[in-house]
Amino acid sequence: MLHLQDTLLLDNTYPFPQDILHTTVDGMVSAGTSAAVPGDVNGDGTVDIYDAILLSGAYSSNPSSPNWNPDADINGDQSVDIYDAIILAGHYGEKA
Ligand SMILES: [Ca+2]
Ligand SMILES: [Ca+2]
(Lines give C-alpha, C1' and ligand atoms only; values in the text may rest on other atoms or scores of the structure.)
(Ligands and ions follow the chains in the order given, each with its own letter.)
Protein backbone atom coordinates (compact mmCIF):
# COMPACT_ATOMS: atom_id res chain seq x y z
CA MET A 1 0.00 0.00 0.00
CA LEU A 2 1.34 3.38 -0.97
CA HIS A 3 0.36 6.61 0.74
CA LEU A 4 0.99 9.67 -1.37
CA GLN A 5 2.06 12.59 0.78
CA ASP A 6 4.05 14.55 -1.74
CA THR A 7 5.08 14.02 -5.32
CA LEU A 8 7.62 15.63 -7.59
CA LEU A 9 6.84 16.07 -11.26
CA LEU A 10 9.55 17.19 -13.66
CA ASP A 11 9.33 17.97 -17.31
CA ASN A 12 11.96 16.74 -19.77
CA THR A 13 13.65 20.06 -20.39
CA TYR A 14 17.33 19.39 -21.04
CA PRO A 15 19.61 19.92 -19.22
CA PHE A 16 17.57 21.39 -16.39
CA PRO A 17 14.21 19.72 -15.87
CA GLN A 18 11.64 22.11 -14.47
CA ASP A 19 9.35 21.34 -11.58
CA ILE A 20 5.74 21.03 -12.70
CA LEU A 21 3.48 22.62 -10.14
CA HIS A 22 0.71 20.31 -9.06
CA THR A 23 -1.34 19.28 -6.07
CA THR A 24 -0.92 15.91 -4.44
CA VAL A 25 -4.11 14.42 -3.09
CA ASP A 26 -3.36 11.79 -0.50
CA GLY A 27 -4.82 8.49 -1.47
CA MET A 28 -3.94 4.86 -1.28
CA VAL A 29 -2.73 2.57 -4.00
CA SER A 30 -2.74 -1.16 -3.45
CA ALA A 31 -0.47 -2.92 -5.89
CA GLY A 32 -1.76 -6.22 -7.15
CA THR A 33 -5.25 -5.80 -5.78
CA SER A 34 -5.99 -2.41 -7.25
CA ALA A 35 -9.11 -2.38 -9.35
CA ALA A 36 -8.51 -1.50 -12.98
CA VAL A 37 -12.22 -0.85 -13.36
CA PRO A 38 -13.86 1.30 -10.69
CA GLY A 39 -16.29 -0.94 -8.85
CA ASP A 40 -14.31 -4.13 -9.36
CA VAL A 41 -14.29 -4.83 -5.63
CA ASN A 42 -12.87 -8.35 -5.81
CA GLY A 43 -10.30 -7.41 -8.44
CA ASP A 44 -11.18 -10.13 -10.94
CA GLY A 45 -11.36 -7.68 -13.82
CA THR A 46 -15.13 -7.55 -14.15
CA VAL A 47 -17.72 -5.46 -12.35
CA ASP A 48 -20.56 -7.85 -11.63
CA ILE A 49 -22.91 -9.20 -9.00
CA TYR A 50 -20.06 -10.59 -6.92
CA ASP A 51 -18.69 -7.10 -6.45
CA ALA A 52 -22.15 -5.85 -5.51
CA ILE A 53 -22.42 -8.65 -2.94
CA LEU A 54 -19.08 -7.69 -1.40
CA LEU A 55 -20.09 -4.05 -1.31
CA SER A 56 -23.44 -4.82 0.29
CA GLY A 57 -21.66 -6.93 2.92
CA ALA A 58 -19.56 -3.94 3.87
CA TYR A 59 -22.36 -1.42 3.48
CA SER A 60 -22.43 1.48 5.97
CA SER A 61 -19.09 0.42 7.42
CA ASN A 62 -16.00 2.46 8.17
CA PRO A 63 -12.45 1.33 9.02
CA SER A 64 -13.45 0.61 12.64
CA SER A 65 -16.41 -1.58 11.65
CA PRO A 66 -16.15 -5.38 11.87
CA ASN A 67 -17.49 -5.68 8.31
CA TRP A 68 -15.10 -3.07 6.88
CA ASN A 69 -13.73 -3.97 3.47
CA PRO A 70 -11.35 -1.33 2.09
CA ASP A 71 -11.82 -2.74 -1.42
CA ALA A 72 -15.52 -1.90 -1.19
CA ASP A 73 -14.70 1.72 -0.39
CA ILE A 74 -14.47 2.54 -4.06
CA ASN A 75 -14.15 6.29 -3.72
CA GLY A 76 -11.68 5.97 -0.83
CA ASP A 77 -13.54 8.21 1.62
CA GLN A 78 -13.25 5.73 4.50
CA SER A 79 -16.91 4.82 4.33
CA VAL A 80 -18.81 2.23 2.31
CA ASP A 81 -22.05 3.87 1.38
CA ILE A 82 -24.42 4.81 -1.42
CA TYR A 83 -21.73 6.76 -3.22
CA ASP A 84 -19.64 3.62 -3.63
CA ALA A 85 -22.72 1.73 -4.78
CA ILE A 86 -23.41 4.44 -7.38
CA ILE A 87 -19.87 4.10 -8.75
CA LEU A 88 -20.21 0.32 -8.90
CA ALA A 89 -23.57 0.58 -10.62
CA GLY A 90 -22.15 3.06 -13.12
CA HIS A 91 -19.48 0.56 -14.15
CA TYR A 92 -21.61 -2.55 -13.87
CA GLY A 93 -20.78 -5.06 -16.59
CA GLU A 94 -17.48 -3.43 -17.49
CA LYS A 95 -14.35 -5.51 -17.88
CA ALA A 96 -10.74 -4.49 -17.39
CA1 LIG B 1 -15.18 -8.14 -9.88
CA1 LIG C 1 -16.71 5.29 0.07
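Residues numbered from 1 in each chain as written. Chains lettered and ligands numbered in written order. Predicted model: local features only at pLDDT ≥ 70, side-chain atom pairs only at ≥ 80, totals over all residues.

Draft legend 1. How the structure looks around the overall build of the protein. When helices and strands are counted, the protein shows two helices and two strands. Across the 96 residues that make up the protein, the buried fraction comes to 14%. For the protein, the proportion of contacts with a sequence separation of at least 24, taken over those separated by at least 6, is 37%. (Helix = DSSP H or I, 4+ residues; strand = E, 2+ residues; numbered from the N terminus. Buried ≥ 20, exposed ≤ 12 C-beta atoms within 10 Å, placed from the backbone. Contact = placed C-beta atoms within 7 Å.)

Draft legend 2. The arrangement of the packing of helix H1 (residues 49-57) against helix H2 (residues 82-90) in detail. Where H1 contacts H2, the axes come no closer than 11 Å and their chain directions differ by 180 degrees. The orientation of H1 with respect to H2, classified from their angle, is roughly antiparallel. Between H1 and H2, the contacting residues are Asp 51, Ala 52 and Leu 55 on the first element and Asp 84, Ala 85 and Leu 88 on the second. Its residues assigned to classes, the contact of H1 with H2 shows four nonpolar, no polar and two charged. (Axes fitted to C-alpha atoms, helices over the stretch in contact; angles between N-to-C directions. Parallel < 35°, antiparallel > 145°, perpendicular 65-115°, else oblique. Nonpolar A, V, L, I, M, F, W, Y, C, P; charged D, E, K, R; others polar.)

Draft legend 3. Molecular detail of the nonpolar core. Membership of the largest hydrophobic core is limited to eight residues, which are Val 41, Val 47, Leu 55, Ala 58, Ala 72, Ile 74, Val 80 and Leu 88. Val 80 has contacts with Leu 55, Ala 58, Tyr 59, Ser 60, Ser 61, Asn 69, Ala 72 and Asp 73, leaving out every residue within four places of it along the chain. (Core = buried A, V, L, I, M, F, W, Y, C linked by C-beta atoms within 7 Å.)

Draft legend 4. Geometry of the environment of Leu 88. You can see Leu 88 is positioned in helix H2. Taking the C-alpha atoms as reference points, Leu 88 and Val 47, separated by 41 residues in sequence, lie 7.2 Å from one another. Not counting residues up to four positions away in its chain, the partners in contact with Leu 88 are Gly 39, Val 47, Asp 51, Ala 52, Leu 55 and Ile 74.

Draft legend 5. Fine view of the confidence of the model for the protein. Chain-level statistics for the protein give a pLDDT mean of 87 and a share of 90% at 70 or above. Predicted confidence in the protein is weakest over strand S2 (residues 28-29), with a mean pLDDT of 64, and strongest over H1, with 97. (pLDDT = per-residue confidence, 0-100.)

Draft legend 6. Highlighting the environment of Asp 26. Structurally, Asp 26 can be placed in the loop between strand S1 (2-3) and S2. For Asp 26, a count of 9 C-beta atoms within 10 Å translates into the label exposed. C-alpha of Asp 26 to C-alpha of His 3: the two residues are 23 residues apart in sequence and 6.5 Å apart in space. When neighbours within four sequence positions are excluded, Asp 26 is seen to be in contact with His 3, Leu 4 and Gln 5.

Draft legend 7. Focus on unusual backbone geometry. Here Tyr 14 and Pro 15 are connected by a cis peptide whose omega angle stands at 0 degrees. On the secondary structure map, Pro 15 appears in the loop between S1 and S2. For Ser 60, which is not glycine, the phi torsion reads 60 degrees and is therefore positive. Summarising the element assignment, Ser 60 is placed in the loop between H1 and H2. The phi dihedral of Gln 78 falls on the positive side, at around 65 degrees, and the residue is not glycine. Position of Gln 78 relative to the elements: it lies in the loop between H1 and H2.

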